[in-house]
Amino acid sequence: LAALSVNGFAPISTPTKLIRPTVGNVRQYAFYSALRMSESEPATAEETAPAEEEEEEVDEATRLQLEKQRRADELRAQEVFIQRSTGKHECTNCGWEYDIEKGDSMIIGGMIKPGTPFAELPSNWRCPTCRASKDSFKEVTEEIPGFEVNQGYGLGGNSMTAGQKNTIIFGGLGIFFVLFLAGYGLS
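Keep in mind the model is a prediction, meaning the values are calculated, not measured. The written sequence of each chain sets the order in which its residues are numbered from 1. Predicted model: local features are reported for residues with pLDDT of at least 70 only, side-chain atom pairs are reported and counted for 80 or more only, and whole-chain, interface and lining totals are derived from all residues. Think of the side-chain values as coming from all heavy atoms in the structure, minus any hydrogens and water.

**Section: the overall build of the protein**
Okay, step 1: For the purposes of this entry, the term helix denotes a DSSP run of H or I that reaches at least four residues, the term strand denotes a run of E that reaches at least two, and both are numbered from the N terminus. Looking only at helices and strands, the protein features 5 helices and 3 strands.
Okay, step 2: Taken from N to C terminus, the helices and strands of the protein fall in the order α-α-α-α-β-β-β-α.
Okay, step 3: Taking all 187 residues of the protein together, the buried fraction comes to 19%.
Okay, step 4: Two residues form a contact once any of their heavy atoms are found within 4.5 Å. A fraction of 49% describes how many contacts in the protein between residues 6 or more apart in sequence connect residues 24 or more apart. The classification of residues rests on relative accessible area computed with a 1.4 Å probe and restricted to protein chains. Under 20% of the type maximum is buried, over 50% is exposed, and intermediate values are partly exposed.

**Here we look at the state of the cysteines**
Okay, step 1: Cysteine sulfur atoms that come within 2.5 Å of each other are treated as a disulfide pair. Tallying each qualifying case throughout the model produces 0 disulfides.
Okay, step 2: The thiol sulfur of Cys94 is not disulfide-bonded, and the nearest other cysteine sulfur, from Cys127, lies at 3.6 Å.
Okay, step 3: A relative accessible area of 36% places Cys94 in the partly exposed class.
Okay, step 4: Relative accessible area serves as the criterion here: at 0%, Cys127 is assigned to the buried category.

**Some remarks on the environment of Thr141**
Okay, step 1: Mapped onto the fold, Thr141 is located in strand 3 (residues 137–144).
Okay, step 2: Taking the C-alpha atoms as reference, Thr141 lies 5.4 Å from Arg84; in sequence the two are 57 residues apart.
Okay, step 3: Setting aside anything within four residues of it in sequence, one finds Thr141 in contact with Gln83, Arg84, Ser85 and Thr86.
Okay, step 4: A polar contact is formed between the side chain of Thr141 and the side chain of Gln83, at a distance of 2.8 Å. Each polar contact in these results corresponds to two N or O atoms within 3.5 Å; when the atoms are within protein, one needs to be able to donate a hydrogen and the other to accept it, and residues that are neighboring in sequence are counted only if both atoms are side-chain atoms.

**Focus: the confidence of the model for the protein**
Okay, step 1: In this model, the protein carries an average pLDDT of 75, and 70% of its residues clear a pLDDT of 70 or more.
Okay, step 2: pLDDT is a residue-level measure of predictor confidence that goes from 0 to 100. Residue range residues 1–11 is modelled with pLDDT below 50. Its contacts to residues more than four positions away, or to other chains, number 1 contact.
Okay, step 3: Between residues 38–43, whose pLDDT stays under 50, and residues either more than four places distant or in other chains, the model counts 3 contacts.

**Topic: the sheet that holds strand 1 (residues 82–91)**
Note on sheets: strands pair through backbone hydrogen bonds, and any given pair is parallel or antiparallel.
Okay, step 1: With respect to topology, 3 strands assemble into an open sheet ordered 2-1-3, the strand pairing being antiparallel. The two strands at the open ends of the sheet, each matched to only one other strand, are strand 2 (97–99) and strand 3. For this sheet, the mean inter-axis angle between neighbouring strands, taken without regard to orientation, is 50 degrees.
Okay, step 2: A pair of strands is considered paired only if DSSP assigns at least 2 bridges between the two. As defined by bridge partners, strand 1 adjoins strand 2 across 3 bridges and the pair is classed as antiparallel. In the sheet register, Lys88 faces strand 2, and the bridge partner there is Asp99. Here the axes come from fitting lines to C-alpha atoms, over the contacting stretch only for helices, and the angles between their N-to-C directions go from 0 to 180 degrees.

**Considering the packing of aromatic side chains**
Okay, step 1: Pairing of aromatic rings covers Phe, Tyr and Trp, the last counted by its six-membered ring, and requires centre-to-centre distances within 6.5 Å; plane angles under 30 degrees mean stacked, over 60 mean edge-to-face, and any other angle means tilted. The tally for this structure, following the rule as stated, stands at 9 aromatic pairs.
Okay, step 2: Measuring from ring centre to ring centre gives 5.8 Å for Tyr98 and Phe118, while their planes differ by 55 degrees; the resulting arrangement is tilted. In this pair, Tyr98 is assigned in strand 2 and Phe118 in the loop between strand 2 and strand 3, connecting sequence segments 20 residues apart. Of the two residues, Tyr98 and Phe118, neither departs from the other in class, the shared state being buried.
Okay, step 3: A ring pair is formed by Tyr98 and Trp125, whose centres lie 5.7 Å apart and whose planes are at 70 degrees; its orientation type is edge-to-face. Residue Tyr98 is found in strand 2, and its partner Trp125 is found in the loop between strand 2 and strand 3; the two are separated by 27 residues along the sequence.

**Focus on the nonpolar core**
Okay, step 1: As used here, the term nonpolar core means buried Ala, Val, Leu, Ile, Met, Phe, Trp, Tyr and Cys residues forming a set that is joined through side-chain atoms within 4.5 Å. Listed in full, the 10 residues of the largest apolar core are Cys91, Trp96, Tyr98, Ile112, Phe118, Leu121, Trp125, Cys127, Ala132 and Phe137.
Okay, step 2: The residues contacting Phe137, other than those within four sequence positions of it, are His89, Glu90, Cys91, Trp96, Tyr98, Phe118, Trp125 and Cys127.

**Concerning the pairing of strand 1**
Okay, step 1: Inspection of the sheet shows strand 1 paired to strand 3 by 8 bridges, in the antiparallel sense. Paired with Glu90 across the strands is Lys138, a residue of strand 3.
Okay, step 2: Counted between consecutive antiparallel strands, the loop separating strand 1 from strand 2 contains 5 residues, among which Gly95 sits at a positive phi close to 90 degrees.

**Structural notes on a nonpolar patch on the surface**
Okay, step 1: Patch rule: a residue counts if its relative accessible area is over 30% and it has no salt bridge; like charges are joined within 9 Å, and nonpolar side chains (Val, Leu, Ile, Met, Phe, Trp, Tyr) within 5 Å. Only the protein chains shown count as cover for residues, with accessible areas throughout obtained via the Shrake-Rupley method and a probe of 1.4 Å. What counts as a salt bridge is simple: a side-chain nitrogen of Lys or Arg found within 4 Å of a carboxyl oxygen of Asp or Glu. Together, Phe176, Phe177, Phe180, Leu181 and Tyr184 line one region of the surface with nonpolar side chains, adding up to about 590 Å² of accessible area.
Okay, step 2: Its location among the elements puts Phe177 in helix 5 (residues 162–186).

What follows is the structure in structure tokens.
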């Protein structure tokens, strides 16, 4: 009874030669193949020979689906989301933002002039609102989705953030709508 309670939630090991890879159970086949490979017992020649025959028996549609899945995984690994700095640093304690263009001279007692990069601030500089140390600030970045190699193409559209793209799309639709209604005003 103790053995049942310990292994009650363990996966049931099913030999891969009992599972034939079909379109519906490709993941199950891959799981049990990986499970069998991860077991400490080395596979004998008798067990590996039927497995090789099984791979040859995979129909064309399943093989094509596995190749597409493998290619999709490769492309997902290549997709890099570029982080572009906005020139601002935010205090993690109170949310105050240090802007390179403004500095902190607009605050009473602020001594940092506009244009001073965050890295050049003195080590004893503190947040003007909550007095947190310089280490409590994190850089505010914009995320640009897409493949890193494609960022330079597309007339600058590939290097735009999602917010910038939305502004252009919906702004264009708004202008079209206004011009469309203005056409009724002419008649």
